[in-house]
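# Residue-level structural notes
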Amino acid sequence: MELVEKICQISDELEQHTIEIRRQIHQNPELSYKELQTSALVRRELERMGVPYEESPVKPGIIAAIDSGKPGKFLMLRADMDALPIQEETDLEFASRNPNVMHACGHDVHTANLLAVAEILNRTREDWKGKVKLVFQPAEESGGGGREMIKAGLMEEMPDACFALHVDNTEAGQVLIGKGYLTAYSDGYLMTVHGKAAHSSTPEEGVDAIDIAASIITALHGIASRNLGPMAQGTLNVGTIKGGLAGNIIADKVDMVCMMRSLSDKSRDTMRERIAALAQGIAQAKGGSCDCEFRAGYAAVYNNEEFSEEVYRALSRYESALYQGPLAGARSRVKIGSYPMLAAEDFGFYSQKVPSCLVWVGVGEGAPKHNAHFSINEDCIKFCTRVMALTALEYLNR
């Protein structure tokens, strides 16, 4: 039997079990670094399969390994496990049992899917070369679990490539493979404007921190349009501002929190420098000062172009195996191109280390991710499994 036939057969066998696992995870969502039940479920499933694993120093992450016993490539596959602080408002029979916690970004699907892929890889070890590491990662949504696992030694032995998929609320069966920058750097600035307090009847005796902050905000909003090239992408938002004690007092202090998103190292560096320069320069010109603290956030996901092309060729080659049953009539299928967006994803930390590729898999049009009504078409779960398994085995055997 051809390997692709085996993948199809095993994924057919596993489909209902994978759906049930996904539903268990969906019904019991857990926030970042609190994925204890999810991690325990992953461990039970790996033990059932006979797949060896270890617990990451970054709790409660799990790292499994499957070795074919034959020399070859080393591939890393990753799934995130955490949920969001959202009250679910779907009418699913397996809706969240946990108040104000919901799998509204599809990480329940990612985790169940990687378990199915693990079983396929384990059952076909005689048919492929090299080895695979499967990463069940905590805290993608908040806390940079990928960054912390890498710091803790996840890549002490450097893989040849990393692959992941992310469900998307687009047409079922659509696979978008973006070359180059796929998601944005997401960074923050904490700014404190210092002035001098005075009574509002004698403003000349004070330095108005609120007035300075207002001028800074106006100037910051010009950075994206005047300091970045017209084809560059970036956003800047002052999300919180706090200052002042009473209406009749000139405020001596204002705290602001700023979020910047950028799609390249150059844009990131430009925005970082201009924010600090403008804020401090404006404050000084008006008689005050401004403390600016840069806080690095998530790294941009950069899809290695050569690896992305390999993924595209593999999935295009096996279209007939992917688009069966309910998805046989999918109009939008496997596409490759430039699909940058300003969302953040901590798979970026993997892509900064080794050639990587993250693909968007359409699981049905409906409510967007991070929405209380987000749901997926479960016919797409087996599709996700085949996308990842075929990509992995084609890469390992090339």
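Summarised in this report is the structure supplied together with it. (Residues numbered from 1 in each chain as written. Predicted model: local features only at pLDDT ≥ 70, side-chain atom pairs only at ≥ 80, totals over all residues. Heavy atoms only, no water.)

## Concerning the overall build of the chain
- Across its full length, the chain carries eleven helices and 16 strands.
- Dimensions of the chain, computed from C-alpha atoms along their principal axes, come out at roughly 85 × 45 × 40 Å.
- Expressed as a percentage of its 398 residues, the buried residues of the chain come to 54%.
- Positive and negative side-chain charges of the chain, numbering 41 and 54 respectively, have mean locations separated by a distance of 3 Å. (Helix = DSSP H or I, 4+ residues; strand = E, 2+ residues; numbered from the N terminus. Buried < 20%, exposed > 50% of the residue type's maximum accessible area, 1.4 Å probe, protein only. Lys, Arg positive; Asp, Glu negative; His and termini not counted. Charge placed at Lys NZ, Arg CZ, Asp CG, Glu CD.)

## Digging into the sheet that holds strand 15 (residues 334-337)
- Taken in spatial order, the eight strands of this open sheet run 1-2-4-3-5-16-6-15, and their pairing is mixed. The open sheet has two edge strands with one neighbour each: strand 1 (53-55) and strand 15. Neighbour-to-neighbour, the strand axes of this sheet turn through a mean angle of 20°, independent of strand direction.
- Judged from the four bridges that link them, strand 6 (residues 175-178) and strand 15 form a sheet pairing that is parallel. Bridge pairing in strand 15 places Gly-178 opposite Gly-337.
- Contacting strand 1, strand 2 (62-67) and strand 4 (131-137), helix 2 (residues 36-49) runs over the sheet at an angle of about 20° to strand 2. (Pairing = 2+ DSSP bridges. Axes fitted to C-alpha atoms, helices over the stretch in contact; angles between N-to-C directions. Contact = heavy atoms within 4.5 Å.)

## A word on the packing of aromatic side chains
- One pass over the structure, following the stated rule, counts six aromatic pairs.
- Ring centres of Tyr-298 and Phe-349 lie 5.8 Å apart, and the angle between their planes is 75°; on these two criteria the pair is classed as edge-to-face. Of the two residues, Tyr-298 sits in strand 13 (residues 289-298) while Phe-349 sits in helix 10 (residues 348-351), which places them 51 residues apart along the sequence. Taken as a pair, Tyr-298 and Phe-349 share a single burial class, namely buried.
- In this structure, Lys-131 is placed above the aromatic ring of Phe-74, and the distance from its NZ or CZ to the ring centre is 5.1 Å.
- Here the basic side chain of Arg-333 rests over the ring of Tyr-323, its NZ or CZ set 4.3 Å away from the ring centre. (Phe/Tyr/Trp six-rings, centres within 6.5 Å; stacked < 30°, edge-to-face > 60°. Lys NZ or Arg CZ within 6 Å of the ring centre and 35° of its normal.)

## Describing the nonpolar core
- By size, the foremost hydrophobic cluster in this structure holds 74 residues, and its most contacted members are Leu-46, Leu-77, Leu-121, Leu-134, Phe-136, Val-175 and Val-359.
- In terms of residue count, the dominant contributor to this core is helix 11 (residues 379-397) (twelve residues).
- What Leu-46 contacts, discounting residues up to four positions off in sequence, is Val-51, Tyr-53, Ile-62, Ala-64, Leu-115, Ala-118 and Phe-136.
- Judged by nonpolar contacts, the second largest core, of 27 residues, contains Met-191, Val-193, Ala-279 and Ala-283. (Core = buried A, V, L, I, M, F, W, Y, C linked by side-chain atoms within 4.5 Å.)

## Concerning the pairing of strand 8 (residues 185-194)
- The buried count for strand 8 comes to eight of ten residues, which makes it a mostly enclosed element.
- Two elements, strand 8 and strand 12 (residues 253-262), share ten bridges in a ladder whose sense is antiparallel. Along strand 12, the bridge assignment pairs Asp-187 with Met-260.
- Summarising the sheet, strand 8 and strand 13 pair through eight bridges and their orientation is antiparallel. Directly across from Tyr-189, in strand 13, lies its bridge partner Phe-294.

Geometric descriptors of this kind do not, in isolation, establish any biological role.
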